[in-house]
Amino acid sequence: MSPLPILEYPDPRLRTKAQPVTVFDAALQALVDDMFATMYEAPGIGLAASQVNVHKQLLVLDVSEEKNAPMVLINPKIIASEGSQTYQEGCLSVPGIFADVDRADRITVESLDRHGNAQNFEAEGLLAVCIQHEMDHLIGKLFVDYLSPLKRELVRKKLEKQRRNAAAG
Ligand code: GNR
Ligand code: NI
């Protein structure tokens, strides 16, 4: 299990639309393990394959306090959603930036597990936020896309400044 490099906004590869997973071989299992290593090391509560430049419909999550509840969602679909909630989101691909985003509060998800078995369930609260955030990555969408153009411009400038300071550091 080795951590992978994470693409950062505004890298255009983050805009790639992911393709469905059709083969559940050893290479896929290794990718899933590497994605967990990447997510836990970061640390983050979720990671989409798009963020490690693999454009497959695959995401990993662990929203537990103890970091002992790993989940793998492959070819996920939200088949029902209800209510709304606002959560201050962050993203490993947009480091140091946090902003409120409105999302559905309860979702019903249809997906496959790492072995290709059907896995359908309901989620709410933070888990629902995280699944919606990760599924956005799979269609090339980032949480900053929900901000006003003015706020997004401020985010872009803040990231530029962070990077200048890191380079000069
Ligand atoms: O680690 C993460 N935290 C987080 C907090 C609020 C809403 C969404 C997230 S997901 C993020 C990891 C990440 O970038 N996943 O794509
Ligand atoms: Ni993200």
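Below: a short report on this structure. The residue numbering used here restarts from 1 in each chain and proceeds along that chain's sequence as written. Here the convention is simple: chains get letters from A, ligands get numbers from 1, in the order in which they are written. Per-residue local features are limited, in this predicted model, to residues with pLDDT of at least 70; the limit for side-chain atom pairs, both in listing and counting, is 80 or more; totals at the level of whole chains, interfaces and linings are taken over all residues. With hydrogens and water stripped out, all remaining heavy atoms of the structure feed into the side-chain values.

1. A short note on the coordination of the nickel ion (ligand 2)
Consideration 1: With water omitted from the atoms examined, metal sites may look incomplete; donors here are N, O and S atoms no farther than 2.8 Å from the metal, or 3.2 Å in the case of Na, K and Ca. Taken together, Cys91 (SG), His133 (NE2) and His137 (NE2) make up the protein donors of the nickel ion (ligand 2), found 2.1 to 2.3 Å from the metal.
Consideration 2: Sequence positions of the residues that donate to the nickel ion (ligand 2) give the spacing C-x41-H-x3-H. Pair noted here: His133 and His137 are both in helix α2 (residues 125-138), with a separation of 4 residues, about one helical turn. His137 shares its class with His133; the two are buried. Numbering of helices and strands runs from the N terminus; a helix is a DSSP stretch of H or I covering at least four residues, while a strand is a stretch of E covering at least two. Under the scheme applied here, a residue whose accessible area is under 20% of the maximum for its type counts as buried, over 50% as exposed, and between as partly exposed, the area being computed with a 1.4 Å probe on protein chains only.

2. Regarding the environment of Pro70
Consideration 1: Looking at where Pro70 falls in the secondary structure, it is placed in the loop between β2 (58-61) and β3 (71-82).
Consideration 2: Along the backbone, Pro70 and Pro20 are 50 residues apart, and their C-alpha atoms lie at a distance of 21 Å.

3. Some details on the sheet that holds β2
Sheet strands associate in pairs through backbone hydrogen bonding, adopting either a parallel or an antiparallel arrangement.
Consideration 1: Any two strands are treated as partners once DSSP identifies two or more bridges connecting them. Taking strand neighbours across the sheet as the criterion, the 5 strands line up as β1-β2-β3-β6-β7 in an open arrangement whose pairing is antiparallel. Each end of this open sheet is capped by a strand with a single partner; those strands are β1 (46-48) and β7 (118-124). The sheet shows a mean angle of 40° between the axes of neighbouring strands, direction not considered.
Consideration 2: In the packing of helix α1 (residues 26-41) onto the sheet, contacts are made with β1, β2 and β3, and the angle to β2 comes to roughly 40°. To get an axis, a line is fitted to the C-alpha atoms, and for a helix only the part in contact is used. The angle between two axes follows their N-to-C directions and goes from 0 to 180 degrees. For this analysis, residues touch if any pair of their heavy atoms sits within 4.5 Å.

4. A word on the packing of aromatic side chains
Consideration 1: Aromatic rings from Phe, Tyr and Trp, taking only the six-membered ring of Trp, are treated as a pair when their centres fall within 6.5 Å; an angle between ring planes under 30 degrees marks them as stacked, one over 60 as edge-to-face, and anything in between as tilted. Here the structure, examined in full by the defined rule, presents 1 aromatic pair.
Consideration 2: Geometrically, the ring pair formed by Phe36 and Tyr40 is stacked, given 5.9 Å between the ring centres and 20° between the ring planes. With Phe36 and Tyr40 both in helix α1, this residue pair falls 4 residues apart, about one helical turn.
Consideration 3: Note on Phe36: relative accessible area 7%, which makes it buried.
Consideration 4: Taking relative accessible area as the criterion, Tyr40 reaches 30% and is therefore assigned partly exposed.

5. Comments concerning α1
Consideration 1: Take the number of residues in a helix, subtract one, and multiply by 1.5 Å to get its expected span. The first and last C-alpha atoms of α1 sit 22 Å apart over 16 residues, in line with the 22 Å expected at 1.5 Å per residue.
Consideration 2: All buried positions along α1 are accounted for by Leu28, Gln29, Leu31, Val32, Asp34, Met35, Phe36, Ala37, Thr38 and Met39.

6. Some remarks on the pairing of β2
Consideration 1: Across the two faces of β2 the burial is the same, with Leu58 and Val60 and Leu59 and Leu61 all buried.
Consideration 2: Both β2 and β3 contribute to a ladder of 4 bridges, which runs antiparallel. Looking at the pairing, Val60 lines up with Val72 of β3.

7. Section: the state of the cysteines
Consideration 1: Count a disulfide wherever a pair of cysteine sulfur atoms falls within 2.5 Å. Evaluation of the coordinates by the stated rule reveals 0 disulfides.
Consideration 2: Lacking any disulfide linkage, Cys130 is separated from the closest cysteine sulfur, that of Cys91, by 10.0 Å.

8. A word on the nonpolar core
Consideration 1: The set of buried Ala, Val, Leu, Ile, Met, Phe, Trp, Tyr and Cys residues whose side-chain atoms join them within 4.5 Å is what this entry labels a nonpolar core. Of all hydrophobic cores here, the largest spans 16 residues; its most connected members are Leu61, Leu73, Ile107, Ala123 and Ile131.
Consideration 2: Of all elements in the fold, only β2, β6 (106-112), β7 and α2 reach the threshold of two or more residues within this core.
Consideration 3: Counting residues per element, this core draws most heavily on α2, which supplies 6 residues.
Consideration 4: If we skip the residues at most four places from it in the chain, Leu73 touches Gln57, Leu58, Leu59, Leu61, Val109, Ser111, Leu112, Gln119, Phe121 and Ile131.

9. Things to note about the site of ligand 1
Consideration 1: Taken together, 14 residues lie near ligand 1, and Ile45, Gln51, Leu92, Glu134 and His137 sit nearest.
Consideration 2: In this structure, Ile45 approaches ligand 1 through a main-chain N or O atom, which is 3.0 Å from an oxygen atom.
Consideration 3: Distance and chemistry together define a polar contact, namely a pair of N or O atoms within 3.5 Å, with one atom able to donate a hydrogen and the other to accept it when in protein, and with adjacent residues in sequence counting only for side-chain atoms on both sides. Measuring from an oxygen atom of ligand 1, one finds a backbone N or O atom of Leu92 at 2.8 Å.
Consideration 4: If you list the elements that add at least two residues to the shell around ligand 1, you get β4 (85-89) and α2.
Consideration 5: The element contributing the most residues to the shell around ligand 1 is α2, with 4 residues.
Consideration 6: Of the residues in the shell around ligand 1, the class split is 5 nonpolar, 7 polar and 2 charged. Think of it this way: one heavy atom of a residue within 4 Å of a molecule or strand is enough to make that residue near it. Note on residue categories: nonpolar means Ala, Val, Leu, Ile, Met, Phe, Trp, Tyr, Cys or Pro, charged means Asp, Glu, Lys or Arg, and polar means any other residue, Gly included.

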